[in-house]
Amino acid sequence: MPSLPPAFPPSLPPSLPPQATQIAILNANYMAKRLEAHYPILYRGSNGQCAHEFIIDLRPFKQFGVTEEVCWKGRREEGREG
């Protein structure tokens, strides 16, 4: 059995980290699929899926003054990004 990454406390049940990873991958792919009709999604695998997160291409929004920093600050103010 592979060792658990240090991000997971040793007191967690052994099944929780793999289950959390599966849920994160499922959620990211669900959200990417819902958003792909409206925003370009970058860096998908050969099967068309992403990992536990996905990247929205913000380059088309720069002409309107929307940058990565503006989006990051908005997410941080909402408490969604560390």
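Residues numbered from 1 in each chain as written. Predicted model: local features only at pLDDT ≥ 70, side-chain atom pairs only at ≥ 80, totals over all residues. Heavy atoms only, no water.

Trainee: Outline unusual backbone geometry, supporting the account with residue identities and numerical values.
Mentor: Most peptide bonds take the trans configuration, and most residues that are not glycine carry a negative phi. In the Ramachandran plot, Y43 falls in the positive-phi region, its phi being about 60° despite a non-glycine side chain. Its location among the elements puts Y43 in the loop between β1 (41–42) and β2 (55–56). (Helix = DSSP H or I, 4+ residues; strand = E, 2+ residues; numbered from the N terminus.)

Trainee: Explain the pattern of salt bridges to me, using residue names and the numbers behind them.
Mentor: Summed over all chains, the structure comprises four salt bridges. In this structure, E36 engages K33 in a salt bridge whose closest nitrogen and oxygen atoms are separated by 2.8 Å. In this structure E36 comes out as partly exposed when scored by relative accessible area, which is 35%. For K33, a relative accessible area of 54% corresponds to the exposed category. (Salt bridge = Lys/Arg side-chain N within 4 Å of Asp/Glu carboxyl O. Buried < 20%, exposed > 50% of the residue type's maximum accessible area, 1.4 Å probe, protein only.)

Trainee: Explain the packing of aromatic side chains to me, using residue names and the numbers behind them.
Mentor: Within the structure shown, the criterion is met by one aromatic pair. Ring geometry for Y39 versus F61: centroids 5.8 Å apart, planes at 45°, classification tilted. Pair noted here: Y39 is in the loop between α1 (16–35) and β1 and F61 is in the loop between β2 and α2 (68–77), with a separation of 22 residues, a long-range link. Residue Y39 is classed as partly exposed on the basis of its relative accessible area, which comes to 31%. The class for F61 is partly exposed, based on a relative accessible area of 26%. (Phe/Tyr/Trp six-rings, centres within 6.5 Å; stacked < 30°, edge-to-face > 60°.)

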